[in-house]
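Chain by chain, the residues:
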Amino acid sequence: MARARYWLLGALAGVAGVIGTALFLEVGGAPDPSGPPGNGPLTVVTLGDSTTSGEGAGDYAPETDGVRGNWCHRSGNALVNRIDVPGVEAKVNLACSGAATEDVTLDGTAQWTEPSQARRLTELARTHRVAAVLVAVGANDDPRFSRLMSDCLNARLKLATPCRGEIERDWRQRLDAVVPKVARALADIRRALADAGYRDGDYQLVQLSYASPLTPDIPEELRNLSGCPFLAEDLAWIRDHAVPDLSAALRTAADRADARFLDLSRAGHGHEACTGGEHPEHEWFTRLTLDWDGFADAERVEHASVESFHPNAEGHEQVAGCVGLFLGTAEREAACVPGEDGALHLSTEGDAAARRGADAAHPR
């Protein structure tokens with residue numbers, strides 16, 4: 001993927017007047033005008049599930065907000081629309097809320113009436129010059145992360161024992177099971193682009209992990225239906241174990257598919273749902289969000305609470321800034337972490353240790 005990385009670096013350098021925007025460079029520095037094939041606009045694409053479709057960020061494209069059964073909830077605030085990479089002319093969101101790996105693969109199933117995302121990517125790549133493909137997928141497969149959240153919410157509402165005990169029994173097995181599925185989805189994305197005439201070095205393929213939307217450090221008065229109804233022990237386990245473990249599994253899958261990896265497991269620290277107290281505008285994730293009118297509509301009732309605990313518009317803005325920086329580097333992997341200024345920053349520190357932990361937990 002060296003060429004794809006270096007022509008994006010060239011584009012970024014063009015902003016400073018060092019070289020022209022979208023000038024393509026080989027590693028050795030010789031000009032290479034090829035890059036992605038075709039004559040269409042230089043394009044960044046997102047695939048995957050709700051975290052890339054923009055669930056929770058509002059401003060959904062009407063055709064994905066229940067029209068003829070399509071509930072993909074693609075938001076105008078989704079991260080792909082907020083990425084700022086000089087030279088990129090088009091940003092396309094093919095992600096769909098609720099998608100699993102089988103909805104991404106070439107022979108995959110339809111999600112909310114839409115065909116395989118990889119097949120749609122092939123069609124797109126024939127009319128656009130695909131520079132980068134960002135993928136967030138895997139949480140809705142064996143880890144069943146949304147189910148995990150529901151179980152933990154029910155534990156609080158029923159004043160039952162913490163949910164973590166039940167989930168931990170087979171958590172490692174579920175993570176092991178999702179690795180080959182994500183690797184296959186990434187491989188099919190490469191096949192989709194190869195079918196459109198692309199070589200691996202013509203574009204960047206980036207697997208994103210997931211940020212923890214919750215933390216145990218929230219006021220007790222918000223542990224109810226007005227905010228974040230969870231037990232503190234469960235919140236600590238989600239933030240400190242479930243999300244980092246899932247991230248390690250996705251790192252292994254990215255390795256197997258020769259994709260780049262961006263760790264978002266710490267991206268929300270300090271800005272999780274309910275951490276703002278009376279000022280939710282400081283948070284990057286939605287609190288428990290209920291569409292009460294939706295409960296009275298048979299067609300919408302299933303979707304009346306799906307926006308809960310997803311990145312909001314500001315969360316997507318922050319992640320997009322970090323992703324844009326990552327696309328402009330030649331690093332194989334990095335992480336997005338909050339800085340002292342309250343914004344997300346790109347970091348490569350400590351990721352070697354994280355990789356060793358991932359290799360030990362999920363051997364290649």
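Note that this is a predicted model, so its numbers are computed, not measured.

Caption draft 1: The pairing of strand β1 (residues 42-48), seen in detail. Counting buried positions along β1 yields seven of seven residues, so the element is predominantly enclosed. On β1, burial covers both faces: L42, V44, T46 and G48 on one face and T43, V45 and L47 on the other are all buried. Across seven bridges, the pairing between β1 and strand β3 (residues 129-136) is parallel. Along β3, the bridge assignment pairs V44 with A132. Here β1 pairs with strand β2 (residues 90-93) via four bridges, running parallel. Of the residues in β2, the one forming a bridge with V45 is V92.

Caption draft 2: Representation of the nonpolar core within the structure. Grouped together as the largest cluster of nonpolar side chains are 84 residues, with contacts concentrated most on F145 and L148. Apart from residues no more than four positions distant in its own chain, F145 is found in contact with A139, W171, I238, A242, V243 and L246.

Caption draft 3: Fine view of the sheet that holds strand β4 (residues 204-208). Here we have seven strands laid out as an open sheet, ordered β2-β1-β3-β4-β5-β6-β7, and mixed in their pairing. Each end of this open sheet is capped by a strand with a single partner; those strands are β2 and β7 (344-347). Strand-to-strand twist in this sheet, taken as the mean axis angle between neighbours without regard to direction, amounts to 20°. Across the face of the sheet, helix α8 (residues 232-256) comes into contact with β4, β5 (260-263) and β6 (333-338) while running at roughly 165° to β5. Across the sheet, helix α9 (residues 313-327) lies against β3, β4, β5, β6 and β7, angled at about 25° from β7, the strand it touches most.

Caption draft 4: Quick look at the pairing of β6. Burial runs high along β6: five of the six residues are buried. Across four bridges, the pairing between β6 and β7 is antiparallel. Across the sheet, the residue bridging to C336 is L346, located in β7.

Conventions and cut-offs
- The written sequence of each chain sets the order in which its residues are numbered from 1.
- Local features in a predicted model are, by the rule used here, given only for residues with pLDDT of at least 70; side-chain atom pairs are given and counted only at 80 or more, and totals for whole chains, interfaces and linings are based on all residues.
- To get the side-chain values, all heavy atoms of the structure are used, and hydrogens and water are removed first.
- The buried label applies to any residue whose accessible area, calculated with a 1.4 Å probe on protein chains only, is under 20% of its type's maximum; exposed applies above 50%, and partly exposed to all values in between.
- A run of H or I in DSSP counts as a helix once it spans at least four residues, and a run of E counts as a strand once it spans at least two, with each numbered from the N terminus.
- Only when DSSP finds a minimum of two bridges between them are two strands counted as paired.
- Grouping buried Ala, Val, Leu, Ile, Met, Phe, Trp, Tyr and Cys residues that are joined through side-chain atoms within 4.5 Å yields what is termed a nonpolar core.
- The criterion used for residue contact is that any of the two residues' heavy atoms lie within 4.5 Å.
- Working convention: axes come from line fits to C-alpha atoms, limited for helices to the stretch in contact. Angles between N-to-C directions cover 0 to 180 degrees.

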